[in-house]
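These are the residues of each chain, in order.
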2 protein chains.
Amino acid sequence: MSTPTVYDVANHAGVSIATVSRVYRNPDTVRAETRDRVLAAARTLGYVPSGNARGLASRATGVLGLCFPDNLQYDEHREETQELGHEAHHDEADLMIYSDEVIRGMERAARERGYGLLIAATVAGDPASTVADVAGRVDGVAVLAGTVSTAELEVISRRLPVVMLAGPRENPALDHLDHVEVANFDGQLAMTRHLIVDHGLTKLAFVGGPPNSPDGEARFRGFQAAHLEAGLDIPAEPRIRAGLTTSSGRHAIGELLATLPERPQAVMFANDQMAVGALPELEHRGLRVPADIAVTGFDDISVSRLVRPALTTVRQPMQELGRHAVDLLLARVADRDRAPVSRLLQVSMVRRASCGCRVSHDHQPLNGS
Amino acid sequence: MSTPTVYDVANHAGVSIATVSRVYRNPDTVRAETRDRVLAAARTLGYVPSGNARGLASRATGVLGLCFPDNLQYDEHREETQELGHEAHHDEADLMIYSDEVIRGMERAARERGYGLLIAATVAGDPASTVADVAGRVDGVAVLAGTVSTAELEVISRRLPVVMLAGPRENPALDHLDHVEVANFDGQLAMTRHLIVDHGLTKLAFVGGPPNSPDGEARFRGFQAAHLEAGLDIPAEPRIRAGLTTSSGRHAIGELLATLPERPQAVMFANDQMAVGALPELEHRGLRVPADIAVTGFDDISVSRLVRPALTTVRQPMQELGRHAVDLLLARVADRDRAPVSRLLQVSMVRRASCGCRVSHDHQPLNGS
DNA sequence: GTGAAAGCGCTAACAG
DNA sequence: CTGTTAGCGCTTTCAC
């Protein structure tokens, strides 16, 4: 027999399959001697319990799922980066830092609670089935905004706990879902205000993400609000939209400088990835940051404090997103009927060198609504 | 009924359960009209196939597993980093960049082949059960070196395909496993030779990882070999051993400068994380890199080209590790009896600024043995 | 403390 | 093209 089952172990140990099962599920209910006999048999036979059978019989898998969109599709500049030769490899690697953080946060939190993590990015094309596949084999699933259609989500959420990450909760069909989002608006507002008020800058350019990125749009609204507040002209659209990647950030600089009549005093990127990509490009073009032009990002990914100048940004607790997802998921596993919960995670401004602030470790929380 | 099954859908659609199953498994074998009826029923009922039942019945899950050690235990400096306030958060985040890359590589490769990825870090304490848990619900599992005992691995590998990542294959009990490793020795040898021959440096300090890190030890042997080759004294041990983390790299600098009679001309870190952590600390102490002291790393994680000075390092294809894992796993799923395969992935030297080279994009492959 | 038996939800021949 | 019939390997009452 290739893969031993409970039956094999039971035979070998001279007990019933129920006892074998008990040894693994609640060892205390089995006499020590019997238990040892079973364990020995299992070892010599090379028995590994089937998670599937276990899951089927007990209607619980001990695994949580995470689905996120295959962001590769966003990077419209991928071929062009060939010009850098080997270095281009990195762009692909950099690309998913955000979801990586969420993955990591979920993985850790899940582990602490004794759960595994099943991750799957939806492939552009048939996003639906991927999520359903995952949903079919976990106790609960977290879905990053933009991963799957509302309809699909609605169906899935009827079967198991679903938490929506970083997505707007405006859709009434998804009202019964738990949500976790981040104070994007507040963060960008505060950062923009910082540039305007503290640094006295008035000509700011915002480099946004794709229009279908809820986070990016919320950040832009924060940018607008700061202008409104300061009595400046309110830009109707981001000056440029780019792919949220390092390479698109680099390219945005060229576009920005070529397009605008006069150079902005600051460029605010919708995320750190782009800002980080822009920094060397500015340097390359002989523009000094922050002396000639200030730069800000959003997210506070780990590279941001390592680049030079260190990046001023808004820290969002990416790993916390994952942790909250686990938290909400397990709470709902325990009580399917609890009222839907929506958590808004706070962000904080991190002033480093790229905005013109000297201090590097300053870190002040905001009062996100 | 809370969670609809094939039976419910079959009833609702007026067909048999077999037909429902077919609609999902091979839709072409069902008449279009019937298929639509089933799909409609599924939608209104909120049907999501049970992955467990599916896996049980078909003895295949469509999921691959990845287990890795919970590296957090290695970072002996974690509390101390509090001194930096908020910035300390990052160390935890930085910590798993290596396994993150492997995860990402596996996830991508798995996705391309239509598989999901179940990840789980073993918790220090009961590493055994974690791997078994994963093993029980996947079609094949990749295990990062040091995750689990040989005995446990042996048992698991009797049940399903197992590939060992980054681990030495000296253990005869694991001879039947597929392996993927990286040319650590060759890489460190070449890099050390570069410092000695091209830069004329002779007083080099190696900052190693924990003794139980196979990668770190192999790199140190490469470091030794270069000394041998050049006729220099061969150090018996790394000058310092540290935790492979950013913070331990930072602390290593202090220890290094305090311990040694004279400052080394170069410090070679067993990985990039440590080197990246050391850079700001050197800057802080008024030492200029590379003018006063050269610095090298190993891995070429994405931050390495972004820090200033950009880090000279040995690029190892971390994502490729994951891709090869998927490749070998699926090959073995297809043919359980194929001969064990062992792949040695090549590394390449990336000369940037931190060693004293001007060029930033040079990238030359080595002839790893 | 342990065994017997009935599923969990689905797939996979095999008929028709 | 569709229905019938066995399980897949384990958990779980309910008896003993």
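Residues numbered from 1 in each chain as written. Chains lettered and ligands numbered in written order. Predicted model: local features only at pLDDT ≥ 70, side-chain atom pairs only at ≥ 80, totals over all residues. Heavy atoms only, no water.

Thoughts on the protein's contact with DNA strand C
What counts, and what does not: Any residue with at least one heavy atom within 4 Å of a molecule or strand is counted as near it. In the analysis that follows, any N or O atom pair within 3.5 Å is treated as a polar contact, provided that within protein one partner can donate a hydrogen and the other can accept it, and provided that, for residues neighboring in sequence, both atoms belong to side chains. Strands are runs of DSSP state E lasting at least 2 residues, helices are runs of H or I lasting at least 4, and numbering of each runs from the N terminus. Gly falls in the polar group here, along with every residue not listed as nonpolar (Ala, Val, Leu, Ile, Met, Phe, Trp, Tyr, Cys, Pro) or charged (Asp, Glu, Lys, Arg).
In the vicinity of DNA strand C, 28 residues are found, and the nearest of them are A:Arg22, A:Thr34, B:Val6, B:Tyr47 and B:Arg54. Sugar plus phosphate: this is where 66% of the atoms of DNA strand C within 4 Å of the protein reside. A distance of 3.0 Å separates a phosphate oxygen of DNA strand C from a polar atom in the side chain of B:Arg54. Elements supplying a minimum of two residues to the surface near DNA strand C: α2 (17–25) and α4 (51–58) of chain A together with α1 (6–13), α2 (17–25) and α4 (51–58) of chain B. The dominant element in the surface near DNA strand C, judged by the number of residues it contributes, is α2(B), at 5 residues. Of the residues that constitute the surface near DNA strand C, the class distribution is 13 nonpolar, 9 polar and 6 charged.

Some words on the interface of chain B and chain A
Inclusion rule: Contacts are residue-level and defined by heavy atoms, with any inter-residue pair within 4.5 Å sufficient. When a carboxyl oxygen of Asp or Glu lies within 4 Å of a side-chain nitrogen of Lys or Arg, that pair is called a salt bridge. Any two strands with at least two DSSP bridges between them are considered paired.
Each partner contributes to the interface: chain B provides 73 residues, whereas chain A provides 73 residues. The interface formed by chain B and chain A includes 5 salt bridges. Put simply, B:Glu283 and A:Arg308 hold a salt bridge, and the shortest N to O gap is 4.0 Å. The interface formed by chain B and chain A holds 18 residue pairs in polar contact (both at pLDDT 80 or more) in total. Of the residues forming the side of chain B that touches chain A, the biggest block, 7 residues, is contributed by helix α6 (residues 97–112) of chain B. Tallied by class, residues from the side of chain B that touches chain A come to 30 nonpolar, 20 polar and 23 charged. Sheet analysis places strand β2 (residues 116–122) of chain A next to strand β2 (residues 116–122) of chain B, joined by 3 bridges and oriented antiparallel. Bridged to A:Leu117 within β2(B) is B:Ile119.

Re the nonpolar core
Here is the rule: Only buried Ala, Val, Leu, Ile, Met, Phe, Trp, Tyr and Cys residues count toward a nonpolar core, and they belong to the same one when joined by side-chain atoms within 4.5 Å. With a 1.4 Å probe rolled over the protein chains alone, any residue whose accessible area is under 20% of its type maximum counts as buried; one over 50% counts as exposed, and the rest are partly exposed.
Formed by 153 residues in total, the largest nonpolar core has its most connected members in A:Leu66, A:Leu165, A:Phe269, B:Leu66, B:Leu165 and B:Phe269. Not counting chain neighbours up to four residues away, the residues in contact with A:Phe269 comprise A:Val207, A:Gly249, A:Ala252, A:Ile253, A:Met274, A:Ala275, A:Ala278, A:Val295, A:Thr296, A:Gly297 and A:Phe298. In terms of nonpolar packing, the next biggest core, distinct from the first, is built from 40 residues, A:Leu177, B:Val138, B:Leu153 and B:Val162 among them.

Here we look at helix α13 (residues 318–334) of chain B
The test is simple: A helix is expected to span 1.5 Å multiplied by its residue count minus one.
With 17 residues, α13(B) should cover 24 Å at 1.5 Å per step; its first-to-last C-alpha distance of 25 Å lies within 8% of that length. Residues B:Met318, B:Gln319, B:Leu321, B:Gly322, B:Arg323, B:His324, B:Ala325, B:Val326, B:Leu328, B:Leu329, B:Leu330 and B:Arg332 constitute the buried set of α13(B).

Observations regarding the environment of A:Glu229
All names here are of chain A. Looking at the element boundaries, glutamate 229 is found in helix α10 (residues 214–230). For glutamate 229, a relative accessible area of 48% gives the class partly exposed. Considering only alpha carbons, one finds glutamate 229 and leucine 189, 40 residues apart in sequence, at a separation of 9.5 Å.

Quick notes on the domain arrangement of chain A
Rules: Domain boundaries shown here were taken from an automatic or database domain assignment.
When the domains of chain A are assigned, the result is domain 1 (1–47), domain 2 (61–182 + 319–345) and domain 3 (184–317 + 348–365). In this structure, domain 1 of chain A and domain 3 of chain A have C-alpha centres spaced 61 Å apart.

Concerning the relation of the copies chain B and chain A
Just so we agree on the cut-off: Copy-to-copy superposition: least squares on the C-alpha atoms, limited to residues that have pLDDT of at least 70 in both copies.
Overlaying chain B on chain A yields an RMSD of 0.2 Å, the required transformation being a rotation through 180° with an accompanying axial translation of 0.1 Å. Put plainly, the chains are arranged around a two-fold axis. With an isologous cut-off of 70% or more, the 100% of interface residues of chain B that recur at the interface of chain A puts this contact in the isologous class.

Quick look at the pairing of β2(B)
Two faces belong to every sheet, and in a regular strand the side chains alternate between them. Residues and elements named next belong to chain B. Of all 7 residues making up β2, 7 are buried, and the element is well covered by its neighbours. The alternating pattern of β2 places Gly116, Leu118, Ala120 and Thr122 on one face and Leu117, Ile119 and Ala121 on the opposite face, and all of these are buried. Relative to β2, strand β1 (residues 63–69) is paired through 7 bridges, and the arrangement is parallel. Of the residues in β2, the one forming a bridge with glycine 65 is leucine 118.

Brief notes about the protein's contact with DNA strand D
Every one of the 27 residues lining DNA strand D counts as a neighbour, but A:Val6, A:Ser21, A:Tyr47, B:Arg22 and B:Thr34 are closest to it. Counting only atoms of DNA strand D within 4 Å of the protein, the sugar-phosphate share comes to 63%. Note that a phosphate oxygen of DNA strand D is positioned 2.3 Å from one of the side-chain N or O atoms of B:Thr34. Within the residue set of the surface near DNA strand D, elements represented by two or more residues are α1 (6–13), α2 and α4 of chain A together with α2 and α4 of chain B. Examining the composition of the surface near DNA strand D, we find that 5 residues originate from one element, α2(A), more than from any other. Its residues assigned to classes, the surface near DNA strand D comprises 13 nonpolar, 8 polar and 6 charged.

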